[in-house]
Amino acid sequence: MSYYEPIAGIDEGHFVRPGSTLRDVTDDVACVTENPAPRGWWVCFGIALSLVGVFVACVGYLFWRGVGVWGNTSPVYWAWDITNFVWWVGIGHAGTLISAILFIFRQRWRTGINRFAEAMTIFAVICALIFPGIHVGRVWVIYYMFPLPNQMSLWPNFKSPLLWDLFAVGTYFTVSVLFWYTGLIPDLATLRDRSRTLWRQRVYGFFALGWTGSNRHWQNYERAYLILAAISTPLVLSVHSVVSMDFATSVIPGWHTTIFPPYFVAGAVFSGFAMVETVFLVARSVFKLHRVVLIRHLDMMNKFLLLTSLLVGYAYAMEFFVAWYSGNEYEMAHFFKNRPTGPYYWAWLWMVGCNVLVPQVYWFKKARTNIPLMFVVAIMINIGMWFERFVIIVSSLNRDFLPSSWGYFRPTIIDVGTFAGTIGIFFTGFLLFMRWLPMVAMAEVKGTMQQADPHWHERNQNRREEFAASRGSLVQEGGE
Amino acid sequence: MSPTFESRRAVLLLAEFASAHDVLHAANGVREAGYVRWDAHTPFPVHGMDRAMGLRDSSLGWIVLACAITGLGGAFWMMHWMNGIDYPLVVGDKPPGAPYALPAMIPIIFELTILLSAFGAVFGMLGLNGLPRHHHPIFESERFLSATDDKFFISIEANDPRFEAEKTRALLERMNAVHVELIREATS
């Protein structure tokens, strides 16, 4: 058995349709950046860019008037701003999981989707970083967050989880960009070598850094990639753990929980996979990538969604159990009076419905391979995970220790516009990425194909005719 | 006046191969023939090529280790000095700085260790590879454009002690090369 053969025992299939040549992979992926954009791309891009306009208007108004333009008020001082921050950071996590953790576990099916997922990480983290940046009120003194010498001779308080968060998310963004760019170098060289116009050659050539596919380079490159994957794995686990400590180190019932770090990480991976799948399905149909992005990949992702949904459901249940088991009256009041039956019961129902109940359809293979269904489920999970953060933040804050200070948070139109605007930023970035950069890691996909095995010819003398015969069926839809 | 084609100095011999199998086989042959200044160019890393070329293990890990230690130590000293020495900050009624504040320093120590390791891995890799290098005589070849697509190449530098244009060409042709060409230095 050679490494590219599917393992029948665990129901594996081919990751690239058998019969595809190396050239097919290059053509399928690179032509997206070379042909004029399909109409679907322009429609999506127009909508996304309009939302960016909404974002600019909302944030401009916010800077002009101050954070009072949001619905945040006593006692709900954190509301959509931090909800959106946590939601976007979480979405980023699936990208790193796919690119780093699955790489270390030698899950070769990741090669079809890792570039995509990494790009998603970067744009999601950009959207996430916007919110802590703009929610501070006086954005012109944002540099107080950094350990820089200032006129008051003060340094940041390094015991504050909010500062840990700055370092964690900042590191996460930087490492994600480095990881993504490192992976892109050989593929940028491919685009450079295919380019027919001077400016394409110049631009791709500049960023390809003079890559020649040299094996002496590949050796260091592969080692760098392995090291990046190895350090990104604990990094991604640490980032959402640190985000969760923003809450867990406080004394608010509903926040003060030791389960938060793993619970947040599981939720992050869950929501991230749902978002990868959402954009993936759109891109697959807009750019017709059926030859590289197989139903099998989607099936795998749906299994992951089911697994992480169960983890998240377990965490929800455990929060209730621990509240009861602690015997603390504030904890019990929060979980048994406020969260499922209080003023935000509807948000809690959205959360449980979308995150725990809906993904149960993925126990069935029919559901895992049904594209319209999985699109709906992925959107539902995105919504559910947004509500999870809303429930944690707003429903924990709206009834604090003194009933006299209880209040009800209502978002304003500026809240809605800012959030919708970041969705626009995310998709604008993503659409530009899909249009101008190879959205599938060509070099990595080629490395998993049978032609990449130096001993393929010796082993398969008699199977080569079979291979030649199967060339005819390349353009079939789905399946393998 | 630019020099004529023949007068330009030959810099390397470039051989094209059709498959990963052929290039690996040829790499074994070139190594056994005693060449040292040569390389294989492939669209993806070919399994077993490092051994076929007789390469030593990459030293990148040591660079990353040095960066990791710098990040770890730098983060610790930054926090200890800022909150413990320069402006002692008492939070939670605990003495400022290490060792009492050490548990609260762990997340940032960890993050900066990772950050500097990542810089070490990427920039160390580029440094070891001598990249970016946008001008290389190998780009003079038209056929070499498919080295990033679906063809496999071996290049032997003319300044290799064993290089002899005819003998080296014969060796590569014997190894199933599809096409062998002599690359001369660029005109400009």
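Residues numbered from 1 in each chain as written. Chains lettered and ligands numbered in written order. Predicted model: local features only at pLDDT ≥ 70, side-chain atom pairs only at ≥ 80, totals over all residues.

(A) Structural view of the overall build of chain A. Check the secondary structure of chain A and you find 17 helices and zero strands. Within the span of chain A, comprising 480 residues, buried residues form 48% of the whole. In chain A, the proportion of contacts linking residues at least 24 apart, taken out of those at least 6 apart, comes to 83%. (Helix = DSSP H or I, 4+ residues; strand = E, 2+ residues; numbered from the N terminus. Buried ≥ 20, exposed ≤ 12 C-beta atoms within 10 Å, placed from the backbone. Contact = placed C-beta atoms within 7 Å.)

(B) Structural view of the overall build of chain B. Looking only at helices and strands, one finds five helices and four strands in chain B. Counting helices and strands in the order they occur from the N terminus, chain B gives β-α-β-α-α-α-β-α-β. For chain B, whose C-alpha radius of gyration is 26 Å, the value lies well above the compact-globule estimate of 16 Å for 188 residues. In chain B, which comprises 188 residues, the share counted as buried stands at 42%. Of the contacts formed within chain B by residues at least 6 apart in sequence, a portion of 77% connects residues at least 24 apart. (Rg over C-alpha atoms; globule rule 2.2 N^0.38 Å.)

(C) Representation of the packing of helix α5 (residues 161-194) of chain A against helix α7 (residues 215-248) of chain A in the model. Residue and element names in this part refer to chain A. The contact between α5 and α7 brings their axes to 9 Å, and the two run at 150 degrees. On the basis of their axis angle, the class for α5 and α7 is roughly antiparallel. In the crossing of α5 with α7, the sense of the turn from one axis to the other is left-handed. Contacts between α5 and α7 involve Pro161, Leu162, Trp164, Asp165, Ala168, Val169, Thr171, Tyr172, Val175, Leu178, Phe179 and Thr182 on the former and, on the latter, Ala224, Tyr225, Leu228, Ser232, Leu235, Ser238, Val239, Val242, Val243, Met245 and Asp246. Residues belonging to the contact of α5 with α7 are distributed by class as follows: 17 nonpolar, four polar and two charged. (Axes fitted to C-alpha atoms, helices over the stretch in contact; angles between N-to-C directions. Parallel < 35°, antiparallel > 145°, perpendicular 65-115°, else oblique. Left-handed = near helix turned anticlockwise from the far one by under 90°. Nonpolar A, V, L, I, M, F, W, Y, C, P; charged D, E, K, R; others polar.)

(D) Inspection of unusual backbone geometry at higher detail. All names here are of chain A. Cis geometry marks the peptide bond from serine 74 to proline 75; its omega dihedral reads 0 degrees. With respect to the helices, strands and loops of the structure, proline 75 is situated in the loop between α2 (39-65) and α3 (80-104). Residues other than glycine seldom take positive phi values, yet serine 153 does so here, at roughly 55 degrees. You can see serine 153 is positioned in the loop between α4 (114-134) and α5. Positive phi, close to 60 degrees, is recorded for leucine 209, a residue that is not glycine. Tracing the chain through its elements places leucine 209 in the loop between α6 (198-208) and α7. According to the C-beta neighbour criterion, leucine 209 is partly exposed, with 17 such atoms within 10 Å.

(E) Representation of the packing of α5 of chain A against helix α4 (residues 102-129) of chain B in the model. Contact geometry for α5 of chain A and α4 of chain B: axes closest at 9 Å, N-to-C directions at 20 degrees. With respect to their mutual orientation, α5 of chain A and α4 of chain B come out roughly parallel. In the packing of α5 of chain A onto α4 of chain B, the handedness of the crossing is left-handed. The segment α5 of chain A lies against α4 of chain B, with Trp164, Phe167, Ala168, Thr171, Thr174, Val175, Leu178 and Thr182 of chain A engaging Pro107, Ile108, Glu111, Leu112, Ile114, Leu115, Ala118 and Val122 of chain B.

(F) Expanded view of the nonpolar core. Judged by nonpolar contacts, the single largest core of 185 residues is most densely connected at Met120, Val276 and Phe430 of chain A together with Val23, Ala27 and Ile154 of chain B. Mapped onto the domain boundaries, this core takes at least three residues apiece from domain 1 (10-57 + 134-184) and domain 2 (65-129) of chain B. Those residues within four positions of alanine 27 of chain B in sequence are excluded, and the remaining contacts are Ala40, Met49, Ala52, Met53 and Ile154 of chain B. (Core = buried A, V, L, I, M, F, W, Y, C linked by C-beta atoms within 7 Å. Domains from an automatic or database assignment.)

(G) Just the interface of chain A and chain B, in detail. Listed as interface residues are 55 residues of chain A and, on the opposing side, 58 residues of chain B. A total of 16 residues in the side of chain A that touches chain B trace back to one element, the largest contributor, which is α7 of chain A. Grouping the constituent residues of the side of chain A that touches chain B by class yields 25 nonpolar, 22 polar and eight charged.

(H) Structural detail: the sheet that holds strand β4 (residues 179-184) of chain B. Residue and element names in this part refer to chain B. With antiparallel pairing, four strands are arranged side by side in an open sheet as β2-β3-β1-β4. Strands with a single pairing partner mark the edges of an open sheet, and in this sheet they are β2 (38-41) and β4. The mean angle between the axes of side-by-side strands here comes to 20 degrees, regardless of whether they run parallel or antiparallel. Where strand β1 (residues 10-17) meets strand β3 (residues 152-157), six bridges bridge the pair, whose relative direction is antiparallel. (Pairing = 2+ DSSP bridges.)

(I) View of the confidence of the model for chain B. Summing up the model confidence of chain B, the mean pLDDT is 84 and the portion of residues at 70 or higher is 95%. Predicted complex, confidence summary: ipTM 0.88, pTM 0.86. (pLDDT = per-residue confidence, 0-100.)

(J) The arrangement of helix α1 (residues 22-34) of chain A in detail. The terminal C-alpha atoms of α1 of chain A lie 18 Å apart, and with 13 residues this matches the ideal 18 Å at 1.5 Å per residue to within 8%. Taken as a whole, α1 of chain A has its buried residues at Leu22, Val25, Thr26, Asp28, Val29, Ala30 and Val32 of chain A. (Expected span 1.5 Å × (residues − 1).)

(K) Up close: the pairing of β2 of chain B. Residue and element names in this part refer to chain B. Neither face of β2 is exposed, since Trp38 and Ala40 on one face and Asp39 and His41 on the opposite face are all buried. Inspection of the sheet shows β2 paired to β3 by four bridges, in the antiparallel sense. Across the sheet, the residue bridging to tryptophan 38 is isoleucine 156, located in β3.

(L) Representation of α4 of chain A in the model. Across its 21 residues, α4 of chain A extends 31 Å between first and last C-alpha, which sits within 8% of the 30 Å expected from 1.5 Å per residue. The buried count for α4 of chain A comes to 16 of 21 residues, which makes it a mostly enclosed element.

(M) Just the environment of arginine 202 of chain A, in detail. Residues and elements named next belong to chain A. Position of arginine 202 among the secondary structure elements: in helix α6. For arginine 202, a count of 13 C-beta atoms within 10 Å translates into the label partly exposed. Sequence separation of arginine 202 and serine 285 is 83 residues, and the distance between their C-alpha atoms is 31 Å.

(N) Layout of the environment of isoleucine 156 of chain B. Residues and elements named next belong to chain B. Among the structural elements, isoleucine 156 can be located in strand β3. A sequence separation of 65 residues divides isoleucine 156 from valine 91, and the C-alpha atoms of the two residues are 65 Å apart. If we skip the residues at most four places from it in the chain, isoleucine 156 touches Leu12, Leu13, Val30, Tyr35, Trp38, Phe163 and Thr168.

(O) Structural detail: the confidence of the model for chain A. Residue and element names in this part refer to chain A. Per-residue confidence for chain A gives a mean pLDDT of 83, with 90% of residues at or over 70. No element of chain A has a lower mean pLDDT than helix α17 (residues 464-470), which averages 50, and none a higher one than helix α11 (residues 345-357), which averages 92. The low-confidence segment residues 8-12 (pLDDT under 50) makes two contacts with residues lying over four places distant or belonging to another chain. The low-confidence segment residues 469-480 (pLDDT under 50) makes 16 contacts with residues lying over four places distant or belonging to another chain.

(P) Looking closely at the environment of tryptophan 88 of chain A. All names here are of chain A. You can see tryptophan 88 is positioned in helix α3. The exposure class of tryptophan 88 is buried, given the 28 C-beta atoms found within 10 Å. Through-space distance from the C-alpha of tryptophan 88 to that of glycine 272 is 8.6 Å; in sequence the pair is 184 residues apart. In this structure, tryptophan 88 is in contact with Ala124, Cys127, Ala128 and Thr422, ignoring residues within four places of it in sequence.

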